[in-house]
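# Survey of secondary and tertiary structure
Each chain, written out:
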Amino acid sequence: MDVRTTIDQVVRASYGRLVAFLAARSRDVAGAEDALAEAFQAALVTWPRTGVPEKPEAWLLVTARRRLIDAARHARVHAAAAPSLLAAAAEAQEMTEGELEFPDERLKLLFVCAHPAIDPNVHTPLMLQTVLGLDAARIAAAFLVQPSAMGQRLTRAKAKIRDARVAFELPCAAELPQRLDAVLGAIYAAYGTGWEDVKGADRRRDSLAAEAIALGRLLLRMMPHEPEVKGLLALMLHCAARCAARRSANGQYLPLTEQDTTLWSRPLIDEAEQLLWAAERAGRIGRYQLEAAIQSAHAGRARTGRTDWESIALLYEGLVSHAPGIGALVGRAAAVAEARDAATAWSLLQMIPAEAVASYQPYWALAAHLLKRLGQTTQSADAYRRAIGLSEDSALRAFLTAQMPAMP
């Protein structure tokens with residue numbers, strides 16, 4: 001295995017853990033990211049000559065730690081951090097020589113990023129970048145804002161952590177619920193980003209869905225009585241259960257309604273159902289439980305051979321009342337179209353502000369479908385072209401192109 005491949009694998013598997021471990025000691029997220037970037041550059045120069053070390057993560061930690069110590073020695077603002085950095089450098093050195101594994105600090109950093117001193121609007125984007133390694137452009141696309149604006153928000157948030165000396169420790173039990181929603185949002189957004197990369201073409205993104213599920217499991221161990229944690233994990237597992245059915249044998253995109261249910265993972269569905277039932281017993285309904293319940297209703301097709309669209313439409317009504325986001329509003333319209341009629345669904349879709357969906361691909365795909373059913377051929381074709389232009393996946397573009405109505 002060549003050096004570049006090894007480094008790519010470490011980035012995919014451990015970027016978040018490395019940044020979290022470094023930042024927990026230095027209290028400087030941006031500095032930790034910069035030091036780690038320098039360590040990766042050093043590896044590209046050193047490893048071809050010396051060989052890939054037995055524990056590449058530990059080597060990178062030691063190297064990044066030394067960069068942070070050098071920065072601390074040359075900047076008064078970091079002077080107080082130098083003793084702890086020196087101790088941590090020795091700790092990392094021991095990891096290269098012994099059997100120790102460096103701890104997983106990602107959950108800690110997720111809750112740090114949700115600190116009340118940081119602008120709530122940047123909590124989730126900050127987690128996506130620092131813990132999960134997404135770039136500002138990808139995060140901006142997820143939040144439907146300009147990359148430059150998102151980059152500025154993230155830079156300010158990291159400066160706040162550094163300058164305010166935000167504590168890198170888990171908040172007390174009473175404070176956890178105040179920060180939990182942002183943490184759940186980041187994990188779900190990471191899962192969604194990985195889920196979109198069906199082909200695995202982006203080697204950083206192809207492991208994000210699995211990483212998000214792993215974080216969900218860690219969070220459940222930490223907060224076993226929180227129903228929304230169970231709801232989120234159930235939601236991700238229900239979606240993951242359908243991975244093998246999302247493409248035909250020749251790589252064509254298959255919408256959920258056309259997927260072969262025999263390819264769905266029964267063990268993952270069963271685990272998701274058990275989590276959802278346990279969450280419901282708590283008697284505190286929330287967004288992720290409702291979204292998981294929607295996916296559970298879809299999973300019912302594997303047992304009955306039919307989709308209960310009326311139940312799904314009612315669940316979407318509940319979701320919209322709890323969390324009226326763009327995704328929920330579009331999903332409700334799609335369910336209503338199947339359960340009732342296209343005209344009612346189209347009226348619901350038109351209630352969404354145009355500026356909110358200008359670059360939201362699912363909106364345009366659904367609009368094209370509804371307009372086609374309503375016989376508005378020209379408008380449908382325009383919407384299809386918009387949806388195709390917003391689709392990154394070539395198989396999805398091909399599917400949408402095939403759905404376009406023939407022009408008279």
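The model shown is predicted, which means the values in this text are computed figures rather than measured ones.

Summing up its helical and strand segments, the protein has 20 helices and 0 strands in all. Counting over 408 residues, the protein shows a buried share of 50%. Nonlocal contacts in the protein, meaning residues at least 24 apart in sequence, comprise 64% of its contacts between residues at least 6 apart. With an accessible surface of roughly 18800 Å², the protein has 53% of that area assigned to carbon and sulfur atoms.

Counted according to the given criterion, the structure contains 9 salt bridges. The residue Glu-271 makes a salt bridge to Arg-217 at a minimum N-O spacing of 2.5 Å. On the criterion of sequence distance, the pair formed by Glu-271 in helix α12 (residues 266-281) and Arg-217 in helix α10 (residues 208-222) is long-range, its members being 54 residues apart. Residue classification places Arg-217 among the partly exposed positions, given a relative accessible area of 31%. Among the ionic pairs, Glu-310 bridges to Arg-340, the shortest N-O distance being 2.8 Å.

Our next topic: the packing of aromatic side chains. Going through the model one piece at a time under the given rule, you end up with 4 aromatic pairs. Across the ring face of Trp-264, the terminal group of Arg-242 is positioned such that the distance to the ring centre comes to 5.8 Å.

So, on to helix α11 (residues 227-240). Residues separated by three or four positions in an α-helix point in the same direction, a consequence of the helix having 3.6 residues per turn. Spanning 14 residues, α11 covers 20 Å between terminal C-alpha atoms, matching the ideal 20 Å at 1.5 Å per step. Of all 14 residues making up α11, 14 are buried, and the element is well covered by its neighbours.

If you check helix α19 (residues 377-389), its first and last C-alpha atoms are 18 Å apart, about what 13 residues at 1.5 Å a residue would give, namely 18 Å. The complete set of buried residues in α19 reads Ser-380, Ala-381, Ala-383, Tyr-384, Ala-387 and Ile-388. Along α19, the residues classed as buried sweep out an arc of 165° about the axis, all on the same side. Turning to α19, the residues buried within the fold contact α18 (361-373) and α20 (394-403).

A few words on the environment of Lys-108. With respect to the helices and strands, the residue Lys-108 is situated in helix α5 (residues 106-113). The spacing of Lys-108 and Val-131 is 23 residues in sequence and 9.9 Å in space, taken between C-alpha atoms.

Turning to the packing of helix α17 (residues 342-350) against α18, a few remarks are in order. The interhelical angle for the contact between α17 and α18, taken along N-to-C directions, is 145°, at an axis separation of 9 Å. The way α17 lies across α18 gives a crossing that is left-handed. Of the residues in α18, those touching α17 at Ala-342, Ala-345, Trp-346 and Leu-349 are Tyr-363, Leu-366, Ala-367, Leu-370, Leu-371 and Arg-373. Class assignment of the residues belonging to the contact of α17 with α18 gives a composition of 9 nonpolar, no polar and 1 charged.

The residue His-115 is located in the loop between α5 and α6 (123-130) in this model. His-115 has contacts with His-123, Val-166 and Arg-179, leaving out every residue within four places of it along the chain.

Right, let's get into the confidence of the model for the protein. Interpreting fine coordinate detail is not advised for predicted regions of low pLDDT. Overall, the predicted model of the protein reaches an average pLDDT of 83, with 86% of residues at or above 70. Low confidence marks residues 93-102, where pLDDT is under 50. Its contacts with residues over four positions away, or in another chain, come to 22 contacts. A low-confidence stretch, residues 199-204 (pLDDT under 50), is modelled with 11 contacts involving residues beyond four sequence positions or located in other chains.

Now for the packing of α19 against α20. Between α19 and α20, the shortest axis-to-axis distance is 9 Å and the interhelical angle comes to 175°. Accordingly, the angle class assigned to the pair α19 and α20 is roughly antiparallel. Residue-level inspection shows Tyr-384, Ala-387 and Ile-388 of α19 in contact with α20, the latter providing Arg-397, Leu-400, Thr-401 and Gln-403. A per-class count over the contact of α19 with α20 returns 4 nonpolar, 2 polar and 1 charged.

This part takes up the nonpolar core. Counting 77 residues, the largest nonpolar core has Leu-109, Leu-110, Met-127, Ile-187, Tyr-191, Leu-219 and Met-236 as the members making the most contacts within it. At 10 residues, helix α1 (residues 3-26) tops the list of elements feeding residues into this core. Leaving out residues up to four positions away in the same chain, Leu-219 has contacts with Leu-107, Phe-111, Leu-180, Val-183, Leu-184, Ile-187 and Val-229. Judged by nonpolar contacts, the second largest core, of 37 residues, contains Leu-290, Trp-309, Leu-329 and Ala-335.

Within the secondary structure layout, Arg-106 lies in helix α5. Arg-106 sits in the buried class, given a relative accessible area of 7%. Considered as a pair, Arg-106 and Phe-21 are 85 residues apart in the sequence and their alpha carbons are 7.9 Å apart. Those residues in contact with Arg-106 that lie beyond four places of it in its chain are Gly-16, Arg-17, Ala-20, Val-131, Glu-211, Leu-215 and Leu-218.

On to the side chain of Glu-228. With respect to the secondary-structure elements, Glu-228 resides in helix α11. Nearest to the buried, unbridged Glu-228 among oppositely charged side chains is Arg-287, at 6.8 Å. Among the polar contacts listed, one links the side chain of Glu-228 to the backbone nitrogen of Arg-287, at a separation of 3.0 Å. At a separation of 3.0 Å, a polar atom in the side chain of Glu-228 contacts the main-chain amide nitrogen of Tyr-288. If we ignore the near neighbours within four places in the chain, the residues touching Glu-228 are Leu-184, Gly-286, Arg-287, Tyr-288 and Gln-289.

Parameters at a glance
- Residues numbered from 1 in each chain as written.
- Predicted model: local features only at pLDDT ≥ 70, side-chain atom pairs only at ≥ 80, totals over all residues.
- Heavy atoms only, no water.
- Helix = DSSP H or I, 4+ residues; strand = E, 2+ residues; numbered from the N terminus.
- Buried < 20%, exposed > 50% of the residue type's maximum accessible area, 1.4 Å probe, protein only.
- Contact = heavy atoms within 4.5 Å.
- Areas by Shrake-Rupley, 256 points an atom, 1.4 Å probe, with all protein chains shown as cover.
- Salt bridge = Lys/Arg side-chain N within 4 Å of Asp/Glu carboxyl O.
- Phe/Tyr/Trp six-rings, centres within 6.5 Å; stacked < 30°, edge-to-face > 60°.
- Lys NZ or Arg CZ within 6 Å of the ring centre and 35° of its normal.
- Expected span 1.5 Å × (residues − 1).
- Arc of directions from axis to C-beta.
- Axes fitted to C-alpha atoms, helices over the stretch in contact; angles between N-to-C directions.
- Left-handed = near helix turned anticlockwise from the far one by under 90°.
- Nonpolar A, V, L, I, M, F, W, Y, C, P; charged D, E, K, R; others polar.
- pLDDT = per-residue confidence, 0-100.
- Parallel < 35°, antiparallel > 145°, perpendicular 65-115°, else oblique.
- Core = buried A, V, L, I, M, F, W, Y, C linked by side-chain atoms within 4.5 Å.
- Lys, Arg positive; Asp, Glu negative; His and termini not counted.
- Polar contact = N/O pair within 3.5 Å; in protein donor to acceptor, adjacent residues only side chain to side chain.

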